[in-house]
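# Observations on chain architecture
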Amino acid sequence: MSPRSLFQRMCVVLALIAIATFLFYIGKGHTLFIDTNALTVGDNELRSYASATVIVNGKKLNSSMGRAERSMVVVGGPKHTIEIVDDADTDRRVTKKLTIPTFMNKVIVSIPAIIGDCPEEYWITPFIPPSMVDVPVEKMQQQNTLP
């Protein structure tokens with residue numbers, strides 16, 4: 001094998017690795033939990049609109065969201081646009097651009113933080129599901145065994 005042939009093969013392998021990395025980055029899926037629960041930042045308590053319409057990447061969520069609600073949307077890629085419209089006053093409209101970290105699969109997007117002009121680190125937090133130890137015994141489903 002000549003040095004030129006070896007160089008060409010190495011270039012092809014490096015190009016394929018670069019393309020695969022780029023496609024992974026732009027195609028990575030994320031689950032966004034759109035959350036309207038009140039948020040306390042410093043001494044300020046931030047609240048969402050009483051009823052709001054949320055639009056993610058130009059697609060409206062199924063229904064308008066009230067306070068203390070959570071909706072789920074699955075998106076692809078790292079960059080997204082979120083638009084929040086107050087149902088009572090359609091002139092109150094907030095549009096922001098979000099960047100989801102690549103290796104965060106499930107994240108919580110806080111609507112009160114976006115409306116309240118908080119720093120971006122309050123907009124997105126990782127979703128950590130509650131452990132089964134925290135679930136009260138009354139809420140666990142019981143399995144009946146037949147004799």
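One structure accompanies this document, and this report is about it. Computed from a prediction, not measured in an experiment: that's the story for all the values here.

### Focus: the sheet that holds strand 7 (residues 70-76)
- Reading across the sheet, the four strands line up as 7-1-10-11 and stay open at both edges, with mixed pairing between neighbours. A single partner strand is all that each edge strand has here, and the edge strands are strand 7 and strand 11 (124-126). On average, each strand axis in the sheet is tilted by 30 degrees relative to the strand beside it, whichever way the strands run.
- In this structure, strand 1 (residues 29-35) lies alongside strand 10 (residues 106-110), joined through five bridges in parallel fashion. Bridge pairing in strand 10 places Ile-34 opposite Val-109.

### As for the pairing of strand 4 (residues 51-56)
- In terms of burial, strand 4 is a largely internal element, five of the six residues being buried.
- Taken together, the two bridges between strand 4 and strand 6 (residues 65-66) define a ladder with antiparallel strand orientation. Note that in strand 6 the partner of Ser-51 across the bridge is Gly-66.
- Of the pairings in the sheet, the one linking strand 4 to strand 8 (residues 79-86) comprises five bridges and is antiparallel in character. When the sheet's bridge partners are listed, Val-56 is paired in strand 8 with Ile-82.
- Pairing of strand 4 with strand 5 (residues 59-60), which is carried by two bridges, proceeds in the antiparallel orientation. Its bridge partner lying in strand 5, Ile-55 is registered against Lys-60.
- Counting the residues in the hairpin turn of strand 4 and strand 5 gives two residues, including Asn-57, whose phi is positive at 55 degrees.

### Comments concerning the packing of aromatic side chains
- On inspection of all chains with the given rule, the structure shows two aromatic pairs.
- Aromatic pair Phe-24 and Phe-103: ring centres 6.0 Å apart, planes at 35 degrees, arrangement tilted. Of this pair, Phe-24 sits in helix 1 (residues 3-27) while Phe-103 sits in the loop between strand 9 (93-99) and strand 10; the two residues are 79 residues apart in sequence, bridging distant segments of the chain.
- What makes Phe-103 exposed here is its relative accessible area of 69%.
- On the numbers, 4.5 Å between centres and 35 degrees between planes, the contact of Phe-33 with Phe-127 is tilted. Note that Phe-33 is positioned in strand 1 and Phe-127 in the segment after strand 11, a separation of 94 residues in sequence.

### Some remarks on the nonpolar core
- If you look at the biggest cluster of nonpolar residues, it comprises 26 residues, and the most contacted ones within it are Leu-32, Ile-34, Val-54, Val-56, Ile-82, Val-109 and Ile-114.
- Taken together, the elements giving at least two residues each to this core come down to strand 1, strand 4, strand 7, strand 8, strand 9, strand 10 and helix 2 (111-115).
- When residues in this core are grouped by element, the largest group, four residues, is from helix 2.

### Focus on the side chain of Asp-86
- Position of Asp-86 relative to the elements: it lies in strand 8.
- By relative accessible area, which is 6% here, Asp-86 ends up buried.
- Within the structure, Asp-86 has its side chain in polar contact with the backbone nitrogen of Ala-88 (distance 3.2 Å).
- Beyond its immediate chain neighbours, meaning those up to four positions away, Asp-86 contacts Tyr-49, Ser-51 and Arg-92.

Analysis parameters
Residues numbered from 1 in each chain as written. Predicted model: local features only at pLDDT ≥ 70, side-chain atom pairs only at ≥ 80, totals over all residues. Heavy atoms only, no water. Pairing = 2+ DSSP bridges. Helix = DSSP H or I, 4+ residues; strand = E, 2+ residues; numbered from the N terminus. Axes fitted to C-alpha atoms, helices over the stretch in contact; angles between N-to-C directions. Buried < 20%, exposed > 50% of the residue type's maximum accessible area, 1.4 Å probe, protein only. Phe/Tyr/Trp six-rings, centres within 6.5 Å; stacked < 30°, edge-to-face > 60°. Core = buried A, V, L, I, M, F, W, Y, C linked by side-chain atoms within 4.5 Å. Polar contact = N/O pair within 3.5 Å; in protein donor to acceptor, adjacent residues only side chain to side chain. Contact = heavy atoms within 4.5 Å.

Keep in mind these values describe shape, not function.
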